[in-house]
Amino acid sequence: MTALLEVRGLTVSFPVAGGERTVVRDVSLRVSRGEAVALVGESGSGKTLTALSLMGLLPEGARVAPGVSVRIHGLEVGPDLRRGMKRLRGGAVGLVPQDPLSALNPVRRIGSQIREVCRAHGTVGESKPRVRVRELLAEVGLRDPDAVAHAFPHQLSGGMRQRALIALALAGEPDLLVADEPTSALDATVQLQILDLLSALGRTRRLGLLLITHDFAVVSRASQRVMVFYAGETVEEGTTEAVLAGPRHPYTRTLLAALPFGGAPKERFPVPDGPLPAPAAHEGGCAFRARCPLVEPRCRLHPHLEKVDQGRHVRCWVRGP
């Protein structure tokens, strides 16, 4: 089956004095129709830059290294992701940014913003834009879509703004949604509602979802597969069920051990001290070795991401059971 999104060899760098600093290194991923894939890791791990790369929205100065392959519906986007994704962004691929209050235009009504997207992507006839706006707002669970369409963003609660932003992302009729920390500014009850909404949209619309998060509770509720990022690299990937039940990389075990009630105290994995290193600053060795409780001499060599089970890959010399 052809994937909605297939990425191979994504490497991103920024210019620094005397050269470049690599912040995302050799990332490959795949999202199929109806599948939710989560990218999880600490702030600064490279997961959001990966998503921005795939949307063609990298900050000024960022450079995607030659040789990357990005395919949407099996078709190559092209070597210039900024130019190639400009054709697809908002249509084939929708974006749900992290902060709806800053993502939505504060001086325009919600309905006006959604109508603009519908017209830009030709997803509604000129005679029915208001009807389509009402349908989209109802689809994302807003009880009074006409009132929401007439409102300005500041007049809505945080959860309502997030739902409106999802409706905006759906207005171009995408097959793939990229959601960057879609619940980070919401209280716990509303977070669960938004995650359930995204899961429901995946089922009813057969959407692919690329979910960026630092929260394993989000991962467990809303994804089928997970990729764990550390210092700009994928260190573990597999089905969500398998990774949560039996993490194989020491960093994944560290993240899960840090969760409240993550297991009996005697089973808790030691949580290392020290800051997150600069992305991909492994200097030829494992990027996690300075914080890893299982470090060995061979960790001075850089490990490859290798298959350890069916659909399971780990970048580590000392893999857990």
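Scroll up for the structure.
Keep in mind that this is a model prediction, so the values were computed, not measured.

Asks: Break down the sheet that holds strand β10 (residues 225–230) for me, citing the residues and quoting the values.
Replies: The strand order β7-β8-β9-β3-β10-β11-β13-β12 describes an open sheet built from 8 strands, whose pairing is mixed. Looking at which strands have only one partner, the edges of the open sheet turn out to be β7 (93–96) and β12 (306–309). Recorded for the sheet is a direction-independent mean angle of 20° between the axes of neighbouring strands. With 5 bridges connecting them, strand β3 (residues 36–40) and strand β9 (residues 208–213) associate as parallel partners. Each residue of the ladder has a partner; that of V37, found in β9, is L210. Lying on the sheet, helix α7 (residues 158–170) is in contact with β7 and β8 (176–180); it crosses β7 at an angle near 165°.

Asks: I'd like a rundown of the side chain of S45, residues and numbers included.
Replies: By the secondary structure assignment, S45 is in the loop between β3 and α1 (47–55). A distance of 2.8 Å separates the side chain of S45 from the backbone oxygen of E42, its partner in a polar contact.

Asks: Help me get a handle on the packing of helix α5 (residues 129–139) against helix α8 (residues 188–205), residues and values and all.
Replies: Here α5 crosses α8 at 120°, and the two axes come no closer than 12 Å. One finds that α5 runs oblique with respect to α8. Across the interface between the two elements, R132, L136 and E139 of α5 pack against L197, L201 and R205 of α8. For the contact of α5 with α8, a count of residues per class yields 3 nonpolar, no polar and 3 charged.

Asks: Hey, could you go over unusual backbone geometry for me, with residue numbers and the actual values?
Replies: Even without being a glycine, R206 presents a positive backbone phi close to 60°. Its location among the elements puts R206 in the loop between α8 and β9. One non-glycine residue with positive phi stands out, namely A231, at about 50°. If you trace the backbone, A231 turns up in the loop between β10 and β11 (233–239).

Asks: So what's going on with the side chain of T254? Residues and values would help.
Replies: Considering the arrangement of structural elements, one finds T254 in helix α11 (residues 250–257). Judged by relative accessible area, which is 8%, T254 ranks as buried. Among the polar contacts listed, one links the side chain of T254 to the backbone oxygen of P250, at a separation of 2.9 Å.

Asks: An account of the pattern of salt bridges is needed here, citing residue identities and associated values.
Replies: The final tally for this structure, using the stated rule, is 19 salt bridges. D196 serves as the salt-bridge partner of R221, at 2.9 Å between the closest nitrogen and oxygen. In this pair, R221 is assigned in helix α9 (residues 216–222) and D196 in helix α8, connecting sequence segments 25 residues apart. Among the residues examined, R221 registers a relative accessible area of 41% and is labelled partly exposed. Among the charged side chains, a network of salt bridges with common partners joins R132, E135, E139, E173 and R205.

Here is what the cut-offs are and how they apply
- Residues numbered from 1 in each chain as written.
- Predicted model: local features only at pLDDT ≥ 70, side-chain atom pairs only at ≥ 80, totals over all residues.
- Heavy atoms only, no water.
- Pairing = 2+ DSSP bridges.
- Helix = DSSP H or I, 4+ residues; strand = E, 2+ residues; numbered from the N terminus.
- Axes fitted to C-alpha atoms, helices over the stretch in contact; angles between N-to-C directions.
- Contact = heavy atoms within 4.5 Å.
- Polar contact = N/O pair within 3.5 Å; in protein donor to acceptor, adjacent residues only side chain to side chain.
- Parallel < 35°, antiparallel > 145°, perpendicular 65-115°, else oblique.
- Nonpolar A, V, L, I, M, F, W, Y, C, P; charged D, E, K, R; others polar.
- Buried < 20%, exposed > 50% of the residue type's maximum accessible area, 1.4 Å probe, protein only.
- Salt bridge = Lys/Arg side-chain N within 4 Å of Asp/Glu carboxyl O.

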